[in-house]
Amino acid sequence: MGGACKYWLHQALACLSSSLGNIGSHLVFLHAKEESGGAISSLAALRGLLKETGARTVLATALYEPWLRERDEALVLALQGEGVECRVVHSYCLRDPHSVSTQGVGLKGIGSVSHFTSCCQQSPGPGLGVPVDAPASLPSPSAWPQGVPLDSLGLAHMPRRKDGTTIDWAANIRSSWDFSEEGAQARLEAFLRDGVYRYEKESGRADAPNTSSLSPYLHFGQLSPRWLLWDAKKVRCRPPKFQRKLAWRDLAYWQLSLFPDLPWESLRPPYKALRWSSERGHLRAWQRGRTGYPLVDAAMRQLWLTGWINNYMRHVVASFLIAYLHLAWQEGYRWFQDTLVDADVAIDAMMWQNGGMCGLDHWNFVMHPVDAAMTCDPNGSYVRKWCPELAPLPDELIHKPWQCPASMLRRAGVAFGQSYPERVVTDLEERRTRSLRDVAEVRQRFGEYVDERSGCDLIPLPPRLVSEALGVADTGRRFLLPVITRMEFKHQSGDPDGNAASNPYNAVLKGYVSRKRDETIAFFNERDFTASVMNEGAQRRERSERDHRVMEGLPGLPASRGRARRTPTARASVTRGATGSQR
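As the structure is a computational prediction, the values presented were derived from the model and not from experiment.

Draft legend 1. Just the overall build of the protein chain, in detail. Summing up its helical and strand segments, the protein chain has 22 helices and nine strands in all. Scored against the burial criterion, the 583 residues of the protein chain give a buried share of 46%. Nonlocal contacts in the protein chain, meaning residues at least 24 apart in sequence, comprise 71% of its contacts between residues at least 6 apart. Element-wise, carbon and sulfur atoms account for 52% of the exposed surface of the protein chain, whose accessible area totals about 29,400 Å².

This is the structure in structure tokens:
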């Protein structure tokens with residue numbers, strides 16, 4: 001568990017202890033001691049607690065990481081042998097990953113969320129049920145067992161400088177989050193009141209709160225996925241994209257149950273031989289948000305300071321690390337595990353494997369570090385927040401400051417290599433081409449893992465999937481399965497010397513600006529398309545004039561003194577970028 005996750009866990013446990021105290025109960029912390037050989041014995045700690053309290057029943061939540069599941073199964077077996085009743089409940093995922101079978105569905109499309117949901121529908125588990133409120137009180141024993149202080153667990157460790165002062169690296173994380181269950185509920189309610197209505201089309205926005213930011217609460221069990229799905233289904237818009245995110249979460253744990261080495265070893269054998277860069281300076285620049293690409297730097301700085309970035313920005317920084325810096329996906333996985341407050345082994349491993357071109361599913365896109373800004377930060381407000389040294393630059397150039405005239409940079413106080421870093425790489429197109437050629441090379445070298453008919457990559461099937469497909473126990477034979485493969489890679493294999501730009505299946509996203517992004521434009525779109533175009537044109541001219549004044553060093557545009565126009569039907573004042581009409 002990484003530092004950010006440990007810190008959240010410390011705060012969450014403190015909040016839970018306080019909540020239990022309010023209803024007459026108490027949270028006991030135990031510290032498992034190290035045994036001979038360096039092993040940590042949870043079983044010894046539990047035995048001591050059972051002996052001290054006289055309890056004969058242990059209730060636990062199921063964990064799905066294979067190594068933890070193996071530990072817990074051995075622990076349950078040992079306690080049951082001593083006459084202790086053990087009850088393990090499944091609450092972390094909507095479905096127990098080991099209860100999902102491919103029988104009746106097949107293996108075609110495995111790795112996609114649509115294939116996974118089909119498997120779940122084919123073998124339905126228990127119903128969703130109805131949420132149960134927390135109890136108003138809990139019974140207390142005559143004497144509480146002896147525990148250890150929460151601080152002694154070392155979850156919120158703060159290093160010290162040589163002069164003895166503490167380095168409070170989590171100050172920004174504390175100011176960014178409410179770690180309690182009440183904080184989780186408040187954030188959920190706020191999202192369902194507002195952000196959920198923009199989530200389907202605008203969840204990629206980095207400059208607007210269009211995502212739920214609930215992942216840390218789900219990860220630490222402060223919010224149940226069943227409760228979240230129940231509440232989401234009650235919302236009028238019932239956003240399918242938001243509900244699919246919960247299916248992605250379960251899919252990740254299903255994959256981890258099939259491939260225990262998912263966090264460390266590439267699933268596609270040829271891709272283990274990819275030539276990754278060993279440039280540690282590039283890795284450090286990426287980690288610290290000093291790549292010279294503002295969108296990437298803003299995201300990595302937000303991650304370091306708050307422990308979180310939205311899903312779109314995770315794709316942006318992952319694409320940059322893998323496709324443009326040519327650094328191994330495992331480097332990104334390890335950094336996310338250490339810095340994310342919602343660091344999840346299964347989800348992070350699945351994401352980084354897919355982004356690193358070697359997972360069950362291939363991302364069919366690559367995020368360009370400049371063009372992606374059109375989608376997620378078109379006016380530069382996200383970059384201005386996290387890279388304030390670039391704030392004076394105009395909207396059109398803030399994501400590519402190297403194109404600014406020298407006079408503009410001087411007026412803005414931007415000096416490359418001093419106030420803002422030089423770009424770590426410059427020829428992005430050439431680096432993308434090299435990445436594609438590397439893939440074509442390993443696919444050619446390991447031709448036995450490429451299906452001749454479809455051109456898809458082949459991966460060895462795990463025994464569990466072989467048993468489900470053949471309907472028999474493990475035969476001991478090796479079976480290879482064609483998996484989803486990016487069309488760009490198939491074409492490159494046929495033209496190994498081609499460049500990325502000439503590839504007809506070039507996966508680089510150019511970014512887009514949704515016309516529904518501006519609420520005023522969206523309002524006019526529904527009623528008067530001509531008015532919508534006029535309104536959008538006026539905003540574009542205003543931005544152009546403002547940026548021209550910035551470039552020429554002229555004073556800014558005076559604030560408008562005219563009365564806000566009212567829409568003909570809603571009788572709500574319309575200002576730039578927003579309407580007063582009620583949803």
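Picking up where we left off.
Draft legend 2. Quick look at the packing of helix 11 (residues 294-306) against helix 13 (residues 329-339). Across the interface, helix 11 lies against helix 13 with an axial gap of 9 Å and an inter-helix angle of 40°. In terms of their interaxial angle, helix 11 and helix 13 are classed as oblique. Taking contact as the criterion, the partners of Met-300, Leu-303 and Trp-304 in helix 11 are, on helix 13, Trp-335, Phe-336 and Thr-339. For the contact of helix 11 with helix 13, the residue count by class is five nonpolar, one polar and no charged.

Draft legend 3. Local environment of the packing of aromatic side chains. The final tally for this structure, using the stated rule, is 21 aromatic pairs. Taken together, the ring pairs connect Tyr-7, Trp-8, Trp-169, Trp-177, Phe-179, Tyr-217, Phe-220 and Trp-308 into an aromatic cluster. Just above the ring of Tyr-199 sits the side chain of Lys-241; from NZ or CZ to the centre is 5.9 Å. When the ring centre of Tyr-92 is taken as reference, the NZ or CZ atom of Arg-249 above it lies at 4.4 Å.

Draft legend 4. Spatial organisation of the nonpolar core. The biggest cluster of nonpolar side chains holds 126 residues, and the ones touching the most others in it are Trp-286, Met-313, Phe-336, Trp-352, Tyr-382 and Leu-393. Residues within four places of Trp-352 in sequence aside, it is in contact with Trp-286, Ala-318, Leu-321, Ile-322, Trp-329, Gly-332, Tyr-333 and Phe-336.

Draft legend 5. Geometry of helix 12 (residues 311-324). An ideal rise of 1.5 Å per residue puts 20 Å on 14 residues; helix 12 measures up with 19 Å between its terminal C-alpha atoms. The element helix 12 is largely enclosed, with a buried count of 13 among its 14 residues. Positive phi appears at His-326, one or two residues downstream of helix 12, with a value of about 60°.

Draft legend 6. Molecular detail of the pairing of strand 2 (residues 85-89). Here strand 1 (residues 57-61) runs beside strand 2; their pairing, made up of five bridges, is parallel. Bridging from a neighbouring strand, Leu-59 pairs with Arg-87 of strand 2. Regarding the hand of the β-α-β motif, the stretch spanning strand 1, helix 3 (residues 66-81) and strand 2 is right-handed.

Draft legend 7. Local environment of helix 20 (residues 487-494). Residues of helix 20 that are buried: Glu-488, Phe-489 and Gln-492. For helix 20, the buried positions fall inside an angular range of 95° around the axis, keeping them on one side. Packing partners of the buried residues in helix 20 comprise helix 18 (428-445).

Draft legend 8. View of the pattern of salt bridges. Using the criterion set out here, one finds 21 salt bridges in the structure. Arg-87 is the salt-bridge partner of Glu-85, the closest N and O atoms lying 3.0 Å from each other. Residue classification places Glu-85 among the partly exposed residues on the basis of a relative accessible area of 38%. Owing to a relative accessible area of 46%, Arg-87 belongs among the partly exposed residues under this scheme. For Asp-194, the salt bridge identified is with Arg-198, shortest N-O distance 2.9 Å. Of this pair, Asp-194 and Arg-198 both sit in helix 6 (residues 181-202), four residues apart, which is roughly one turn of that helix. Asp-194 gets classed as partly exposed once you look at its relative accessible area, which sits at 33%. A cluster of three or more residues bridged by salt bridges with shared partners is formed by Arg-275, Asp-438, Glu-441 and Arg-445.

Draft legend 9. Geometry of the confidence of the model for the protein chain. When pLDDT is averaged along the protein chain, the result is 84; 85% of the residues meet or exceed 70. Mean pLDDT across the elements of the protein chain ranges from a minimum in strand 8 (residues 573-575), with 35, to a maximum in helix 11, with 97. Counting interchain partners and residues more than four positions distant, the pLDDT-below-50 stretch residues 561-583 has 39 contacts.

Draft legend 10. Structural context of the environment of Ala-412. The residue Ala-412 is located in helix 17 (residues 406-412) in this model. When the C-alpha atoms of Ala-412 and Pro-392 are compared, they prove to be 5.4 Å apart, with 20 residues separating the residues in sequence. Apart from the residues lying within four places of it in its own chain, the contact partners of Ala-412 are Glu-389, Pro-392 and Leu-393.

Draft legend 11. Molecular detail of the side chain of Arg-301. For Arg-301, the position within the fold is in helix 11. At 3.0 Å, the side chain of Arg-301 forms a polar contact with the side chain of Glu-389. Here Arg-301 is in contact with Arg-288, Gly-289, Arg-290, Trp-386, Cys-387, Glu-389 and Tyr-420, once residues within four sequence places are set aside.

Draft legend 12. Unusual backbone geometry, seen in detail. Phi angles above zero are rare outside glycine, and Ser-213 is one such case at about 55°. As for its placement among the helices and strands, Ser-213 is situated in the loop between helix 6 and helix 7 (215-219). The backbone of Met-357 shows a phi angle near 75°, a positive value even though the residue is not glycine. Note that Met-357 resides in the loop between helix 14 (345-355) and strand 3 (366-367).

Draft legend 13. Molecular detail of the environment of Asn-379. Take Asn-379: it is sitting in the loop between helix 15 (373-376) and helix 16 (381-386). Judged by relative accessible area, which is 31%, Asn-379 ranks as partly exposed. Along the backbone, Asn-379 and Asp-395 are 16 residues apart, and their C-alpha atoms lie at a distance of 5.2 Å.

Draft legend 14. Layout of the side chain of His-115. Note that His-115 resides in helix 4 (residues 113-122). The class for His-115 is buried, based on a relative accessible area of 5%. Looking at His-115, its side chain comes within polar contact range of the main-chain oxygen of Gly-106, at 2.8 Å. In contact with His-115, other than residues within four places in its own chain, are Thr-102, Val-105, Gly-106, Leu-107, Lys-108, Gly-109, Ile-110 and Trp-254.

Quick notes on the rules
- Residues numbered from 1 in each chain as written.
- Predicted model: local features only at pLDDT ≥ 70, side-chain atom pairs only at ≥ 80, totals over all residues.
- Heavy atoms only, no water.
- Helix = DSSP H or I, 4+ residues; strand = E, 2+ residues; numbered from the N terminus.
- Buried < 20%, exposed > 50% of the residue type's maximum accessible area, 1.4 Å probe, protein only.
- Contact = heavy atoms within 4.5 Å.
- Areas by Shrake-Rupley, 256 points an atom, 1.4 Å probe, with all protein chains shown as cover.
- Axes fitted to C-alpha atoms, helices over the stretch in contact; angles between N-to-C directions.
- Parallel < 35°, antiparallel > 145°, perpendicular 65-115°, else oblique.
- Nonpolar A, V, L, I, M, F, W, Y, C, P; charged D, E, K, R; others polar.
- Phe/Tyr/Trp six-rings, centres within 6.5 Å; stacked < 30°, edge-to-face > 60°.
- Lys NZ or Arg CZ within 6 Å of the ring centre and 35° of its normal.
- Core = buried A, V, L, I, M, F, W, Y, C linked by side-chain atoms within 4.5 Å.
- Expected span 1.5 Å × (residues − 1).
- Pairing = 2+ DSSP bridges.
- Right-handed = clockwise from strand over helix to strand, strands pointing away.
- Arc of directions from axis to C-beta.
- Salt bridge = Lys/Arg side-chain N within 4 Å of Asp/Glu carboxyl O.
- pLDDT = per-residue confidence, 0-100.
- Polar contact = N/O pair within 3.5 Å; in protein donor to acceptor, adjacent residues only side chain to side chain.

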